[in-house]
Structures are given as structure tokens and as C-alpha cells.
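Reading the structure
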Amino acid sequence: MRNFPEANFELGKDIDLSSYLNPNTTGWKPIENFAGTFDGKKHTINGLWINLSSIDNVGLFARTKGNTKISNLFVKIDNKGITGKNDVGGICGILEGSIENCMVTGDINGICYVGGICGSSGSYISQCASSGNITANKNVGGISGGSRGSMKNCYSIATIKAKSSQSYGIGYSSTNCYFAGSITIESKYNSWFYPIADLFTYSYYDSEKTNIPENIGIGTTEQMKKGALTTEQMKKQASFQGWDFDKIWTIKEGVDYPKLRGLQK
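Read on for a plain summary of the structure.

What counts as what
Residues numbered from 1 in each chain as written. Predicted model: local features only at pLDDT ≥ 70, side-chain atom pairs only at ≥ 80, totals over all residues. Heavy atoms only, no water. Pairing = 2+ DSSP bridges. Helix = DSSP H or I, 4+ residues; strand = E, 2+ residues; numbered from the N terminus. Phe/Tyr/Trp six-rings, centres within 6.5 Å; stacked < 30°, edge-to-face > 60°. Buried < 20%, exposed > 50% of the residue type's maximum accessible area, 1.4 Å probe, protein only. Lys NZ or Arg CZ within 6 Å of the ring centre and 35° of its normal.

1. So, the sheet that holds strand β6 (residues 86–89)
In spatial order, the strands read β6-β10-β15-β19-β23; together these five strands make up an open sheet with parallel pairing. Where the open sheet ends on each side, the last strands, each with one partner, are β6 and β23 (193–194).

2. Overview of the packing of aromatic side chains
The final tally for this structure, using the stated rule, is 16 aromatic pairs. Here Y155 and Y178 contribute two aromatic rings whose centre-to-centre distance is 5.0 Å and whose plane-to-plane angle is 5 degrees, an arrangement assigned as stacked. A residue pair is termed long-range when its members are at least 10 positions apart, and Y155 in strand β17 (residues 155–156) and Y178 in strand β21 (residues 178–179) qualify at 23 residues. Like Y155, the residue Y178 is buried in the burial classification. Geometry around F74 places K265 over its ring, the cationic atom sitting 4.6 Å from the centre.

3. A look at the pairing of strand β14 (residues 133–136)
Side chains I134 and A136 project from β14 onto a buried face, and the interleaved N133 and T135 project onto a face without burial. Across two bridges, strand β9 (residues 108–109) lies against β14 in parallel orientation. Residue pairing in the sheet places N109 in a bridge with T135 of β14. Pairing of β14 with strand β18 (residues 159–162), which is carried by four bridges, proceeds in the parallel orientation. If you follow I134 over to β18, its bridge partner there is I160.

4. Side note on unusual backbone geometry
The phi angle at Q127 is positive, at roughly 50 degrees, despite the residue not being glycine. Non-glycine residue Y202 carries a positive phi angle of around 50 degrees.

5. Points about the environment of S131
Relative to the elements of secondary structure, S131 occurs in strand β13 (residues 129–131). The exposure class of S131 is buried, given its relative accessible area of 19%. Sequence spacing of S131 and I143 is twelve residues, and the spatial spacing of their C-alpha atoms is 9.4 Å.

6. Considerations on the pairing of strand β5 (residues 69–83)
Relative to β5, strand β3 (residues 37–51) runs parallel, the two being bridged by ten bridges. Within β5, the residue paired with I50 across the bridge is I82. Here seven bridges tie β5 to strand β8 (residues 98–105), and the two strands are oriented parallel to one another. Residue pairing in the sheet places F74 in a bridge with M103 of β8.

In short, shape yes, function no, at least from these values alone.
The structure is reproduced here in C-alpha cells:
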């Protein structure tokens, strides 16, 4: 893939990187400037880890360009985690193009623009999910760490930790998304805290699980009232107005949060 960045690829089976990645190195080398398509065919990449704390654009892909499409992929990060500087994510550091039907599980760390799926995005993310611990100084989110990209039909149950400002449950802009993890901000003064997103439509969060810091940033108080559901409400289909439970979402009524049909194996 590194030699053919504009080609189209399909994953034929699960990949385990545990024995491939030398423990005495910095782990996986992110793929630079990918501009093709990558269809994971619902296979899993296991054991991914990266230790590049002084490097920007870190993830399975460093940066995607143009009309890139990455889809149908599960990524299980090794216990060593993914660590970068700025623009750090499980799938890619910086996204141009789209990511669809992908799930990332594991710990991701950086300084600024750090997210479960991508660090920052000016593009489109749909039907994706994340879990694990996502940590940054600022601009951190369950799906994306920020920028102006949009997210639709996504969810995160991650534990998000930030030292200062700009923390999102999902990312900058979301439609039909939910957050059911927790957010902790080390500095609770002059910090901007969004339990879902800065801009959101038909999106919700579990108000009993998500920590609401005191002295939150100006302008976010009203957003706390929007989209807030109890844990019990989060497990009822009727709570999610405008959602497609026939084609996109499924739910075990009263038992669990909604899940994406495209991420069911």
C-alpha cells in the first residue's frame, strides 16, 4: 500500500500485527498520503501500536487525501496504545475523503486534535464507533478531535481525558450520534466542554455517565440540556428521534444502547 497510494485495496482476512511489530521500535509506521480506497470487508487488524510522541499525523494512516474512502474495518489497538503529537487517531491522523463502517478499540494519546477514529477531519465520517481511553491536552473527541468535518450515525463509549479546552463526546458536528462514555477535564476553568458536539442534530448523550465539569466554558451550558438522556432512556428506541432502526441501527430494548447494523459481525 505504501508503494501504491492511489490504488484500491480489499482486506482478505484478519491481520495480527503482534509478531510483525518489533517491540524495540516505534511500532507501526503510518501510511502517508493515501488517496485510494481501502475496504476491510469486516476484517480486523489486531495488535496495532505506535509510539511517535514527537510526530504529527499518526494512525493506521498518517493522512488521507482527495476522495479517499476507508470502510468496513475493525481496529483493535495493542495495550501499548497509539501515541503521537498532533492529529492522532485510530484510523488516520488527518482525514480527507470519508470513513464508513469502522470501529476502533483501544487507547490513543496525543497533544492536540486526538480522536478515536481520526485526529482531525474536514470531511465525512459515518457509521463508526470507538471505545477505550482517548487522551490529549486539548481538542479531543470520541470520533474526531475537531476541525470542521461532519459525523453521522456514529457512537462512542470511550473515556475521554483532556488537560484543558475543547473536549467532545463525538466531534465538532454530528447528526444521529450518541456518546455514552465519560469526559474528564484536568483544568475546569476556561474549558470548552461538549458532551456530544459543537453542532448537533438528533444526537444524544448519557447524562448519568458523562461527567459534567464545574465552571464549564461559556456557551456550552444550554447544550448540556439538549440531547441529555438518562441511562434508562438511552436503552429505548423511542428516545432516538429521527433515527433509522430498520436499516442503520438496532437495539435490544431496555438492555443495551443502540448498535450499528454495519458493525455487527
